[in-house]
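# Results of the structural survey
Listed below are the residues making up each chain.
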Amino acid sequence: MDERSKDSDRTAVAGIAHSPPHRKAYSYSQQLRTNTGGHQKRYNNHPRNHSLDEIDILGPGHRRNAYYDGGGGGVNSSDDEEFYRYASSRDGGASDRVVDYRHLGQIVEGMGMGDDGAFDESQQAPDQPLPEFMANGGGVGVFKVPHRAAVHPNRPPCLELRPHPLRETQAGKFLKTIATTETQLWAGQESGVRVWKYSDAYEAGIGMVSGRRAPRGDEDAAPYFESANTSPTICMMVDQGTKLVWTGHKDGKIRSWKMDQNFSDGTPFKEGFSWQAHRGPVLSMAISFYGDIWSGSEGGIIRLWPWESIEKSLSLSPEERRMSALLVERSVVDLRAQVTVNGVCNISSSDVKYLLSDHVRAKIWAVGSQSFSLWNARTRELIKVFNIEGQIENRVEMPSSQEQVVEDEMNVKFVSKSKKDKSQGFLQRSRNAIMGAADAVRRVAKGAGAFVEDTKKTEAILIATDGIIWTGCSNGLLIQWDGNGNRLLDLAHHPSAVQCFCTHGSRIWVGYLSGLIQVLDLEGNLIAGWVAHNEPVIRLVIGNGYVFSLATHGGIRGWNISSPAPIDNILRTELSERKDLYTRQENIRILIGTWNVGQGRATHNALMSWLGSAVSDVDIVVVGLQEVEMGAGFLAMSAAKETVGLEGSSVGQWWQDHIGKALDEGSAFERVGSRQLAALLIAIWVRKNLRTHVGDLDVGAVACGLGRAIGNKGGVSLRLRVFDRIMCFTNCHLAAHLEAVNRRNADFDHIFRTMSFTRSSNFFNNANVGVNSSSNQPTRDKNASTDKPDEGRPDLAEADMVVFTGDFNYRLFGITYDEARDLVSQRSFDWLREKDQLRNEMKAGKVFQGMREALIRFPPTYKFEKGKPGLGGYDSGEKKRIPAWCDRVLYRDNRTAPTKECSLECPVIASIVQYEACMDVTESDHKPVRCKLNLDIAHVDKSVRRQEFGTILQTNETIRSNLEALRFVPETNVSTNKISLQNQDTFNLKITNKSGEETVFYHILCEGQSTIKEEEAAPDYRPRGSLGFPRWLEVTPAAGMIKPDQVADISVHHEEFHKLEEFVEGIPQSWWSEDTRDKELILLVIVRGSCSTDLKTHRVNVRHCFSGSSLRIDSSTNASRRSQEGSTHNRPSNIR
């Protein structure tokens, strides 16, 4: 090698620090290291049989050195720009690992150059980072390192009421829905309900509270209270009239929970009144304009529970609970049965996914996937049935009883089939998959409209403050309807499926499957949008000045109701300045192993030599295998199984079990998950004391074989969170043969760009959790445009750390078999590296862009004759394949420059401390390779950051003044505060918006009704469910919008609701009818501004004089003034 190359090498090596990097000590790391032995490592040094000289040992107790390099040369000067010693400097402080610095200093002093000036790596200190080679082409496009910051720059700062829990901690506890009261946030979960008090929203996590043990996944959550176990909660609604929260459950029951009960730590609170509402699950509920409870279930079943029976049952004592439940169950009105005549029903038999109460017009919307039914809430009669296109549907055939019997007989035969028939299950599923594909092709041939049933399913419904009905579809379409079910307008701002809505004042919030939240005005114009969660947003509710969002993983975040707003920038700046208070750092080690096993099996000793001997100081082990099984039949069968969602094989399971034994699985390590695609297998193990910080395992696979469909070539990936940082591990087997360089590059590019992650099937099988059907879809919509700069990036590009390992199949070029053997025997790996196809392609920026690899100092790992030890085992057959470094490990972390420090802006910094081949293993024609990574990880203490969030809101004067301004409610008046009605009378109530600039939104409720008694006693006003109206009173419209200086006319009408046949001698006979005495009630006219966190209430007394006395109206000139002075009050704001 020329002198210029040697000088370049000396310069590069001279830059290597001769002292170990200092690491800070952190509490988590201290805890995690209790069982790993720190630096007092234990190594099993197995004898290795090869033709190289014996490798030096760095003193007793230290690992065998991994280098097989000779002293005959340095690093080529062409690597000058890519050859970095990525050893990040650290501030002083005690280390979390025990290092004998005196002994290490003696080693460093003994280091030096060989006779020719080459670095003597046989005396490399054990935990020093190795020199690395970095590929060009990184930092741009999809290979750009994802942006990280202490506070997310592309969305408003949020209140993390419940930080994202790891999915594995939530088995049987997943949150399914949320609802808000004035002072609480309620959540329905798979085992009951829980409740947060807004007064505790900024408190330390329950894991920090002394004497209280936090469940896994809730250590950083704000303090909450939990109910006793129940059947899974599916839906939930708040009833301000009775001060109850109603929940619908999987067991078909409707349960009630008192809002104002005394909650206590550690003691589960119990349900109140409940009854059996359906045989199947209660999928949806709503409280009508008149206080009745409507519930929907499977098969289009809609039932109504009259308020009168519920009121009577609630008045009974707990001892009479069984009687009260029976009373309600017997009062049921089966609406589906009412509209079914001779086996023909006018409503759809699809599941009733949603029920919406239209309080503006006293109607109920029942929603299926593709159809709607509209009901009169007062008469309980069906008004209209129409489909998602707005077309009226009059009749829906139901299966006849005879057809049902035949179907049942077929089901019985299917269930009782023989064992021989059961073996056909897979073939039957494959046939179904083929038939489904054929059906899809047929529908495509008919036109794009054939897919309406798949792409236009209704997923959410909302009534806006101006009375317009909104629905959201699975294709992202937003549809506006009038109150009569007429389709008005279609909008589309995002292609991902709509999951939920909420509204307040002049704004509508939309939650999507992609995790995006968008803010719209009432006309549907887009105001703002941001990625709120990394999983689907399944519920949005308004409470305490926040829009709370619930994601499928169970995380709950609160977004200021005015966002985007100036306070967002103030909060972001203040939180960023306090990042030192909530930043935590950890240090872990990951062992990556790759091996092309050539369809063979390994002995326990081989696995111990490869993996077991290297894990004493390791926290995570990732193993990638290639050619686990081959053969045309197996590959074809695997491809077929993939089409029906099946993966894995008995051989793959054998490998996992035996590797687990080598790792002491069960005692030291826990297997987290795996993914197999035909011949490719990747699996991961985590040390048990780290398990609570590792989870959210997702898996992915990309085939690169024949037609990009067969898994003999391709990649399998695992993605998981480690201390809340995303890490992806991909095991690849790329195209073979010396000349297929471009094909290998294309394979990598295809894998990197198309790898899409889904939840592991192992997770569903083992945990048996009931998550949404959408949850097993890709966790991020690949086609979803977002409001972030990195929109449309591949899943792998968004990870904090990416590791690629496997048989990449890059060969040595421009060299003969004999020349390569000679260079290997002379340990002249620097010369061989110049002939490495992968190194050259990386340097040219054509593959693995921006990724790093430790400088290779071990012999080529391919191709060997099985069973032949040492370097004499290289292929000596007829083909004499040139030795090559086919088996590699590369990585990319968060660094954009070599000198980056570990921080919230650069949260994952890695270095390679070991990179070697196990030359003594002879079970395959490839040698196994292992690579040990040392990681520094910075993450956020969510509990502390939430406390700081609350402190900023309370102490920053600018924020306080902005929040105070949100309490403003425009001035309004009501034309009277007293109304008296006789039978069939109507009074026109006027609400005037006296503001010349602000729009007003009003909502009218009934605070309670009292019967007038002869004796002059104080009236006892008793509210109905959800502050609904008695059936004798119609108020229309009961909600709406009033523009500046405009007046709203409200019709207050007495309506006789009894049918003629219900009267006997002029007296109504229906058991639920009100009596004929005079009645009085109080109307609440609630007024708020476009974005008010406060409200004003006007009270209007309405009296029904059954005796037929004349209409009496207080129309004095100062009525409105008395209304405002005597019956208007401000509700104090709950914002802190």
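Residues numbered from 1 in each chain as written. Predicted model: local features only at pLDDT ≥ 70, side-chain atom pairs only at ≥ 80, totals over all residues. Heavy atoms only, no water.

What follows deals with the confidence of the model for the protein. Scored by pLDDT, the protein has a mean of 80; 75% of the residues are at 70 or more. No element of the protein has a lower mean pLDDT than helix α2 (residues 27–32), which averages 31, and none a higher one than strand β13 (residues 293–296), which averages 98. Segment residues 395–424 is flagged for pLDDT under 50; beyond a separation of four residues in sequence, or across chains, it makes 14 contacts in the model. Note on residues 1108–1136: pLDDT under 50 across the span, and 68 contacts to partners over four residues away in sequence or across chains. (pLDDT = per-residue confidence, 0-100. Helix = DSSP H or I, 4+ residues; strand = E, 2+ residues; numbered from the N terminus. Contact = heavy atoms within 4.5 Å.)

The sheet built from six strands is open, its strands ordered β36-β37-β35-β34-β46-β45 with mixed pairing. On the outer flanks of this sheet lie β36 (669–677) and β45 (908–917), each paired with one strand and no other. When strand polarity is set aside, the average angle formed by the axes of neighbouring strands in this sheet is 15°. (Pairing = 2+ DSSP bridges. Axes fitted to C-alpha atoms, helices over the stretch in contact; angles between N-to-C directions.)

The next point concerns the pattern of salt bridges. Between side chains of opposite charge, a pair can form as their charged atoms come close. In total, this model carries 53 salt bridges according to the counting rule given. Salt-bridge contacts for Arg1031 lead to Glu308; the nearest nitrogen and oxygen are separated by 2.9 Å. Within this pair, whereas Arg1031 is found in the loop between β50 (1000–1011) and β51 (1033–1036), its partner Glu308 is found in helix α4 (residues 307–315), the two being separated by 723 residues in sequence. The closest approach of N and O atoms between Glu916 and Arg930, which form a salt bridge, is 2.3 Å. Within this pair, whereas Glu916 is found in strand β45, its partner Arg930 is found in strand β46 (residues 929–940), the two being separated by 14 residues in sequence. Using a relative accessible area of 1% as the deciding quantity, one classes Glu916 as buried. Through salt bridges that share partners, Arg162, Lys173, Arg194, Asp218 and Glu226 make up one connected network. (Salt bridge = Lys/Arg side-chain N within 4 Å of Asp/Glu carboxyl O. Buried < 20%, exposed > 50% of the residue type's maximum accessible area, 1.4 Å probe, protein only.)

Take the nonpolar core next. With 57 residues, the main nonpolar core has Phe729, Tyr915 and Leu935 as its most contacted residues. Setting aside its immediate chain neighbours within four residues, Leu935 contacts Glu586, Asn587, Ile588, Ile590, Met727, Met801, Val908, Ile909 and Ala910. One finds Leu304, Leu335, Leu355 and Val385 within the second-largest nonpolar core, a separate group that totals 45 residues. (Core = buried A, V, L, I, M, F, W, Y, C linked by side-chain atoms within 4.5 Å.)

Spatially, β27-β28-β29-β30 is the arrangement adopted by the four strands of the open sheet, whose pairing is antiparallel. Of all the strands in the sheet, the pair left with one neighbour each is β27 (498–504) and β30 (526–531). Here the average twist between neighbouring strands, direction ignored, is 20°. When strand β28 (residues 507–512) meets strand β29 (residues 516–521), the two strands line up antiparallel, connected through five bridges. Following the sheet pairing, Val510 is matched in β29 by Gln518.

Moving on, we come to unusual backbone geometry. Lys863 follows Tyr862 through a cis peptide bond whose omega is 0°. For Lys863, the position within the fold is in the loop between β43 (852–854) and β44 (887–892). The linkage connecting Thr1036 with the following residue, Pro1037, adopts the cis geometry, with an omega of -10°. As for its position among the elements, Pro1037 is in the loop between β51 and β52 (1039–1042). Phi at Phe723 takes a positive value of approximately 50°, unusual for a residue other than glycine. Residue position: Phe723 is located in the loop between β39 (714–722) and β40 (725–733). Look at Phe723 and you get buried, because its relative accessible area is 3%. The backbone phi angle of Phe848 is positive, close to 50°, even though this residue is not glycine. With respect to the element layout, Phe848 can be found in the loop between α20 (837–843) and β43. Judged by its relative accessible area of 0%, Phe848 is buried.

Let's shift gears to the packing of aromatic side chains. By the definition in use, this model includes 36 aromatic pairs. For the ring pair Trp595 and Trp655, a centre distance of 5.9 Å and an interplane angle of 80° mean the geometry is edge-to-face. One end of the pair, Trp595, is in strand β34 (residues 583–596); the other, Trp655, is in helix α15 (residues 650–662), with 60 residues separating them in the sequence. Each member of the pair, Trp595 as well as Trp655, is classed as buried. One aromatic cluster is present, formed by Phe143, Phe748, Phe752, Phe804, Phe808 and Phe848 through successive ring pairs. Here Arg601 stacks its cationic end above the ring of Trp654, 4.8 Å away from the centre of that ring. The cationic tip of Arg945 hangs over the ring face of Tyr582; the distance from NZ or CZ to the ring centre is 5.8 Å. (Phe/Tyr/Trp six-rings, centres within 6.5 Å; stacked < 30°, edge-to-face > 60°. Lys NZ or Arg CZ within 6 Å of the ring centre and 35° of its normal.)

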